[in-house]
Amino acid sequence: MKITLSTDTLRGYGLNRIFSLAKEAGFDGVDLDIDPKSVDTQNAVYLNKLQKEYGLPILALEVPEGSAHKKILECIELANKIGCKVIIVQAPRIFDVKLATWYRAEIPKIRKDEGISIALENAPATTIFGFIPEHAMNNLAELQKFKHACLATDRIVERKEDLIITLKKLMKFLVHIHLANVSKGRGGQLPHNGILPMESFLTKLSEEGYRGAVSIKANSKFLAIGDDEEIVKQLKDSIEYCAKYLGK
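Throughout what follows, the structure given in this document is the object of discussion. (Residues numbered from 1 in each chain as written. Predicted model: local features only at pLDDT ≥ 70, side-chain atom pairs only at ≥ 80, totals over all residues. Heavy atoms only, no water.)

## Here's the deal with the nonpolar core
Formally: Throughout this description, the term nonpolar core refers to a set of buried Ala, Val, Leu, Ile, Met, Phe, Trp, Tyr and Cys residues connected via side-chain atoms within 4.5 Å. For every residue, the accessible area obtained with a 1.4 Å probe (protein chains only) is divided by the maximum for its type, and the residue is called buried under 20%, exposed over 50%, and partly exposed between those limits. Secondary structure is summarised from DSSP: a helix means a run of H or I of at least four residues, a strand means a run of E of at least two, and numbering begins at the N terminus for each. Whether two residues are in contact is decided by their heavy atoms, any of which lying within 4.5 Å being enough.
One finds Phe-27, Leu-61, Ile-87, Tyr-103, Phe-201 and Leu-205 to be the most contacted residues of the largest nonpolar core, which totals 79 residues. Here this core takes eight residues from helix 9 (residues 228-246), the largest share from any one element. Look past the residues within four positions of Leu-61 in its chain and what remains in contact with it is Leu-32, Ile-34, Cys-75, Leu-78, Ala-79, Ile-82, Cys-84, Val-86, Ile-87 and Ile-88. Membership of the second largest hydrophobic core comes to five residues, among which are Ala-60, Val-86, Ala-119 and Cys-150.

## A short note on the pattern of salt bridges
What counts, and what does not: Salt bridges are identified by distance alone: a Lys or Arg side-chain nitrogen within 4 Å of an Asp or Glu carboxyl oxygen.
Under the criterion given, the structure shown has 14 salt bridges. Residue Arg-11 is joined to Asp-35 by a salt bridge in which the shortest nitrogen-to-oxygen separation is 3.6 Å. Of the two residues, Arg-11 is situated in the loop between strand 1 (2-6) and helix 1 (15-25) and Asp-35 in the loop between strand 2 (29-33) and helix 2 (44-54); the sequence distance between them amounts to 24 residues. Here Arg-11 falls in the partly exposed class, since its relative accessible area comes to 43%. Across the pair Glu-161 and Arg-159 runs a salt bridge whose closest N-O atoms are separated by 3.3 Å. Residue Glu-161 is classed as partly exposed on the basis of its relative accessible area, which comes to 31%. Taken together, the shared-partner salt bridges connect Asp-8, Arg-11, Asp-33 and Asp-35 into one network.

The analysis is restricted to geometry; functional conclusions fall outside its scope.
Given below as structure tokens:
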């Protein structure tokens with residue numbers, strides 16, 4: 001089991017510095033959040049250079065929310081060029097029936113043809129007009145039907161669901177985890193800071209033989225942005241915390 005860093009955690013930093021900080025902190029790899037505004041996150045030659053220079057593989061690509069199917073196909077092409085075998089997609093918007101239909105019909109075929117895992121991440125609990133869910137395919141049943149799932153732990157609290165029960169229901173479908181805690185109603189916290197039963201969650205992953213990556217995906221506003229030494233310390237603390245309960 002690998003412990004990785006989502007580049008979204010250090011949003012605002014250049015990729016080279018993110019790889020450098022991830023290496024110094026001791027991560028096993030990187031979870032690349034593709035930023036439409038950053039050419040570097042979409043440049044296979046540069047990404048391969050970073051992987052080689054820092055000895056950190058890119059173990060997952062995160063497709064931007066709201067991406068059309070053509071963008072997802074571009075991400076698959078990029079993944080093949082950099083040797084990445086996991087792609088994370090977000091739930092379509094509730095009124096984007098065409099994209100939801102494409103997800104259900106075409107992604108299983110692409111997985112088989114490309115030999116790649118394309119996983120659906122549990123959607124945030126946001127609504128339109130206060131009662132219409134903003135996203136389609138946004139419940140456990142849909143994640144199970146999709147077969148490959150990515151679990152964002154802090155979104156569980158938004159939906160007022162139980163983390164351990166959710167884990168048990170999704171375990172055999174999980175290929176990736178975005179690990180973040182919740183404190184004072186705010187998600188995106190480092191894993192050891194908040195109200196979620198992280199010790200039990202991580203221990204259960206280890207007991208069940210989970211083989212995917214556990215990727216720390218915190219909000220940069222909860223890190224000491226601008227102080228590299230302190231950031232590395234915070235990230236090291238997170239790795240040590242996770243490794244303790246994962247049995248690494």
